[in-house]
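Spelled out, the chains give:
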Amino acid sequence: MNDRQLLRYSRHILLPEIDISGQEALLKAHVLIIGAGGLGSPAALYLAASGIGKLTICDGDIVDLTNLQRQIAHPSSAVGLLKAHSARTTLSGLNPDINIVACSEYAKEAHLQQLVAESDAVIDASDNFETRHNINKACVENQKPLISGAAVRFEAQVCVFDLRSEHSPCYHCLYPLDGETEDMPCAIMGVFSPLVGIIGSIQAAETIKTLLKIGETLNGRLQLLNGLTMNWRTIKLKKDPYCSICQHK
Ligand SMILES: [Zn+2]
């Protein structure tokens, strides 16, 4: 690190759990963020500010006026622009030292596999079950940690699936594809703006902890938040021995 970086990241370096070696590890890390919306915005902002060396932001959507109530990576001037490009502009302004790659498409199959294989951790900030299952499958196959979040109305959840370990449950263990998994898009259901900020920030925190292997992550621990009461519930997850996605890993 140069002198400016030592200053920029000094409040992280002061933390014994991070220190210079941890900050250097963050500067070498590559995090893939799928979705530059309500969850992806705060997650990406905190990871960029924290000095994650490379961030790849994947989103095929265009910024819409109705997004601005909660998708804080996008300014009013970005309405009509691709979310991935708008997020890259915002994040580069925040931290010009890091490499931000904008992927302006919904990554699928081979491309998703490649993006996941190249990353050190994956944030699922998407908004539909099909994408969530595709991301999970790619993370299982490439043994990458998956930091998953979701929010709709006043209800939210966050969990880590640290698939570097063969004993870790996966997203499919929690939500088998044949179960009741109906998408509840924000466009129909509505969503409480600060709720996605809370969950996206936790996803950023859990990503850093997972990369640095510090503290106790939310691996196998589903946290459910009711935004109206601010009550949290914890559900311990177990690997499903019959899970069709991760059973042979
Ligand atoms: Zn599984």
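Residues numbered from 1 in each chain as written. Predicted model: local features only at pLDDT ≥ 70, side-chain atom pairs only at ≥ 80, totals over all residues. Heavy atoms only, no water.

Draft legend 1. Geometry of the overall build of the protein chain. On a plain count of helices and strands, the protein chain comes out with 10 helices and 8 strands. For a compact globule of 249 residues, the expected C-alpha radius of gyration is about 18 Å, and the protein chain comes in at 17 Å, within 12% of that figure. Across the 249 residues of the protein chain, 50% fall into the buried class. When contacts within the protein chain are restricted to residue pairs at least 6 apart in sequence, those whose partners lie at least 24 apart make up 65%. Accessible surface for the protein chain amounts to roughly 12,100 Å². Of this, 53% is attributable to carbon and sulfur atoms. In the protein chain, 22 side chains carry a positive charge and 26 a negative one; their mean positions are 4 Å apart. (Helix = DSSP H or I, 4+ residues; strand = E, 2+ residues; numbered from the N terminus. Rg over C-alpha atoms; globule rule 2.2 N^0.38 Å. Buried < 20%, exposed > 50% of the residue type's maximum accessible area, 1.4 Å probe, protein only. Contact = heavy atoms within 4.5 Å. Areas by Shrake-Rupley, 256 points an atom, 1.4 Å probe, with all protein chains shown as cover. Lys, Arg positive; Asp, Glu negative; His and termini not counted. Charge placed at Lys NZ, Arg CZ, Asp CG, Glu CD.)

Draft legend 2. Layout of the packing of helix H3 (residues 19-28) against helix H10 (residues 193-212). Two elements in contact, H3 and H10, have axes whose closest approach is 10 Å; the angle formed by their N-to-C orientations is 110°. In terms of their interaxial angle, H3 and H10 are classed as roughly perpendicular. Side by side, H3 and H10 meet where Gly-22, Ala-25 and Leu-26 of the first sit next to Ile-208, Leu-211 and Leu-212 of the second. A per-class count over the contact of H3 with H10 returns 5 nonpolar, 1 polar and no charged. (Axes fitted to C-alpha atoms, helices over the stretch in contact; angles between N-to-C directions. Parallel < 35°, antiparallel > 145°, perpendicular 65-115°, else oblique. Nonpolar A, V, L, I, M, F, W, Y, C, P; charged D, E, K, R; others polar.)

Draft legend 3. Region of the structure containing the coordination of the zinc ion. Looking at the metal site, the zinc ion is ligated by Cys-170 (SG), Cys-173 (SG), Cys-243 (SG) and Cys-246 (SG), spaced 2.3 Å from it. Around the zinc ion sit 4 donor atoms, and with donor-metal-donor angles ranging over 98 to 119° the site reads as tetrahedral. Between consecutive donor residues of the zinc ion, the sequence gaps follow C-x2-C-x69-C-x2-C. With Cys-173 in helix H8 (residues 171-174) and Cys-246 in the segment after strand S8 (231-236), this residue pair connects regions lying 73 residues apart in the sequence. Accessibility expressed as a relative area gives 1% for Cys-246, which makes it buried. (Donors = N, O, S within 2.8 Å, 3.2 Å for Na, K, Ca; no water. Tetrahedral: all angles 85-135°; square planar, octahedral: opposite > 155°, others 65-115°.)

Draft legend 4. Highlighting H10. When the terminal C-alpha atoms of H10 are compared, their 30 Å separation across 20 residues agrees well with the 28 Å that a helix rising 1.5 Å per residue should span. Once H10 ends, the next one or two residues include Lys-213, with phi positive near 55°. (Expected span 1.5 Å × (residues − 1).)

Draft legend 5. Inspection of the nonpolar core at higher detail. Counting residues in hydrophobic clusters, the biggest one holds 41 residues, and the most contacted among them are Leu-47, Leu-55 and Ile-57. Going through the elements one at a time, strand S1 (30-34), helix H4 (40-49), strand S2 (54-58), helix H5 (83-94), strand S4 (121-124), strand S5 (145-152), strand S6 (155-162) and H10 are the ones with two or more residues in this core. Here this core takes 7 residues from H10, the largest share from any one element. If we ignore the near neighbours within four places in the chain, the residues touching Ile-57 are Ile-33, Ala-36, Ala-44, Ala-84, Ala-87, Leu-91, Ile-100, Val-101, Ala-102 and Cys-103. Ranked by size, the runner-up nonpolar core spans 26 residues in total, among them Leu-32, Val-116, Phe-129 and Cys-246. (Core = buried A, V, L, I, M, F, W, Y, C linked by side-chain atoms within 4.5 Å.)

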